[in-house]
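Below, each chain spelled out in residue letters.
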Amino acid sequence: MAYKISETDCVACGTCASECPQGAIHEGDVYHIDPDACIDCGTCADVCPMGAIHPAE
């Protein structure tokens, strides 16, 4: 199961993208995770200062 970034909580700081070992997180007005590249490691959720990243349902 891939992780997902909440559009309402993400402040586009880039912390998650720099820590993702797969390069699955991409920039935008808010960041987003490519579910095909995500390996469900949770690193992004662990480092997000806003708590904006959660497992996708």
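Residues numbered from 1 in each chain as written. Predicted model: local features only at pLDDT ≥ 70, side-chain atom pairs only at ≥ 80, totals over all residues. Heavy atoms only, no water.

Draft legend 1. Expanded view of the overall build of the chain. Looking only at helices and strands, the chain has 2 helices and 4 strands in total. Listing each helix as α and each strand as β along the chain from the N terminus yields β-α-β-β-α-β. For the chain, the C-alpha atoms occupy an extent of roughly 25 × 20 × 20 Å along the three principal directions. In the chain, which comprises 57 residues, the proportion classed as buried is 32%. Counting only contacts in the chain whose residues sit at least 6 apart along the sequence, the fraction spanning at least 24 positions is 55%. (Helix = DSSP H or I, 4+ residues; strand = E, 2+ residues; numbered from the N terminus. Buried < 20%, exposed > 50% of the residue type's maximum accessible area, 1.4 Å probe, protein only. Contact = heavy atoms within 4.5 Å.)

Draft legend 2. The environment of P49, seen in detail. When you line up the elements, P49 lands in the loop between α2 (43-47) and β4 (53-55). Residue class for P49 comes out exposed when judged on its relative accessible area of 55%. Measuring from C-alpha to C-alpha, the distance between P49 and C13 comes to 8.8 Å, with 36 residues separating the pair along the chain. Every residue in contact with P49, bar those within four places of it in the chain, is listed here: C13 and T15.

Draft legend 3. Here's a closer look at the nonpolar core. Core analysis: the largest hydrophobic core is formed by 15 residues, its most contacted members being I5, C16, I25, I33, C44 and I53. I25 has contacts with I5, C16, A17, C20, Y31, H32, I33 and C44, leaving out every residue within four places of it along the chain. (Core = buried A, V, L, I, M, F, W, Y, C linked by side-chain atoms within 4.5 Å.)

Draft legend 4. Representation of unusual backbone geometry within the structure. You will see that A12, though not glycine, has its phi angle at about 55 degrees, which is positive. Assignment of secondary structure puts A12 in the loop between β1 (3-5) and α1 (15-19). Of note, D40 is a non-glycine position whose phi angle comes to about 60 degrees, a positive value. Turning to its location among the elements, D40 is positioned in the loop between β3 (32-33) and α2. On the accessibility criterion, D40 (36% relative accessible area) is partly exposed.

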